[in-house]
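# Observations on the three-dimensional arrangement
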Amino acid sequence: MRLRNITGSRDVIAASDYVVQEELQPRCPGTWKEIFGNDNPIHIEIGMGKGKFIHTMAKEHPEINYVGIEKYSSVLLRAIQKMEQEELPNLKFLRMDAENINQVFGAGEVDRIYLNFSDPWPKDRHAKRRLPSREFLARYDVILKKDGRLEFKTDNRELFDFAVEELEPAGWKAQVVTYDLHSDASLMEGNVMTEYEEKFSSMGNPICKYIIVR
Ligand code: SAM
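Everything in this summary refers to the structure shown in the same document. Note that the coordinates shown come from a computational prediction; the quantities given were computed from them, not determined experimentally.

### Overview of the pairing of strand β1 (residues 42–46)
With five of five residues buried, β1 lies mostly within the body of the structure. With burial as the criterion, each face of β1 is covered, one bearing Ile42, Ile44 and Ile46 and the other bearing His43 and Glu45. Judged from the five bridges that link them, β1 and strand β2 (residues 65–70) form a sheet pairing that is parallel. Across the sheet, the residue bridging to His43 is Tyr66, located in β2. Handedness of the β-α-β unit built from β1, helix α3 (residues 52–60) and β2 comes out right-handed. Sheet topology places β1 next to strand β4 (residues 110–116); four bridges connect them, and they run parallel. Bridge pairing in β4 places Ile46 opposite Leu115.

### Regarding the side chain of Glu45
Inspection of the secondary structure puts Glu45 in strand β1. It turns out Glu45 is buried and unbridged, and the closest side chain with the opposite charge, Lys153, is 8.1 Å from it. Within the structure, Glu45 has its side chain in polar contact with the side chain of Asn116 (distance 2.9 Å).

### Digging into the side chain of Ser133
Looking at the secondary structure, you find Ser133 in the loop between β4 and α5 (134–143). Assessed through its relative accessible area of 0%, Ser133 is described here as buried. A distance of 2.8 Å separates the side chain of Ser133 from the backbone oxygen of Arg130, its partner in a polar contact. Non-local contacts of Ser133, meaning those with residues more than four positions away in its chain, are made with Ala127, Lys128, Phe162 and Glu166.

Conventions and cut-offs
Here the residue numbers are simple positions, counted from 1 along each chain's written sequence. pLDDT decides what is reported in this predicted model: residues at 70 or higher carry local features, side-chain atom pairs at 80 or more are listed and counted, and totals for whole chains, interfaces and linings draw on all residues regardless. Just so you know, side-chain values use all the structure's heavy atoms and leave hydrogens and water out. Under the scheme applied here, a residue whose accessible area is under 20% of the maximum for its type counts as buried, over 50% as exposed, and between as partly exposed, the area being computed with a 1.4 Å probe on protein chains only. Secondary structure elements are taken from DSSP: a helix is a run of H or I of four residues or more, a strand is a run of E of two residues or more, and numbering for both begins at the N terminus. Here, a strand pair is defined by DSSP locating no fewer than two bridges between the strands. Orienting the strands away from the viewer, one traces the path from the first strand over the helix to the second; a clockwise path indicates a right-handed crossover. Positive charges come from Lys and Arg alone, negative charges from Asp and Glu alone, with His and the N- and C-terminal ends not counted. Here, a salt bridge means any side-chain nitrogen of Lys or Arg that lies within 4 Å of a carboxyl oxygen of Asp or Glu. For this analysis, a polar contact is any N or O atom pair within 3.5 Å, provided that within protein one partner can donate a hydrogen and the other can accept it, and provided that sequence-adjacent residues contribute only side-chain to side-chain pairs. Two residues form a contact once any of their heavy atoms are found within 4.5 Å.

Shape is all these values report; function is a separate question.
Rendered as structure tokens:
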């Protein structure tokens, strides 16, 4: 995912209809139904990378609207290229730092949040930057519907243990916790592999997953 200097990625993004442009982002809260032109539920992936997971999900679930969020233009470019090959009406992208997620979704506007193989930020002083940290859970708490859920997958056991420990202080509880997703036939039903999941599971790393609610 270190592709940050592709020439022209910002220009491609600025010209793309698949992306909700930065200057329009302040107008997004409360208007996602209008953006998609229907009342379907909204599921988001934060830190989508090149978009393999969310593109596949959007293709398999046309009755759901998906929003993929990615910080880096050069990575988002790859998700845009995938959409150019196979356009889907129920998938949009945002180039932004998820720290500002509350500026683009209104209270209770999101039905489900996916975090997949989030960056670990191993230094203690960077714990607040981890996407499953209590600081981020507080942001998700606002935008996620009352009965909505958040699903997190990673092969990084330290990050996963941290994420599980964050739940109680942040006021969330686990519905599902597994330390070996790929050995659990019922949890694997409908599982869509992310790019990182394919890479790390093929190296023999067990995949951890939780599903959490408030
Ligand atoms: N989810 C993909 C997967 O499982 O294959 C990509 C995983 S990659 C390790 C993490 C991605 O999250 C990177 O593309 C990174 O740029 C993005 N990311 C990290 N922190 C972010 C943030 N605060 N806001 C938006 N994207 C972020």
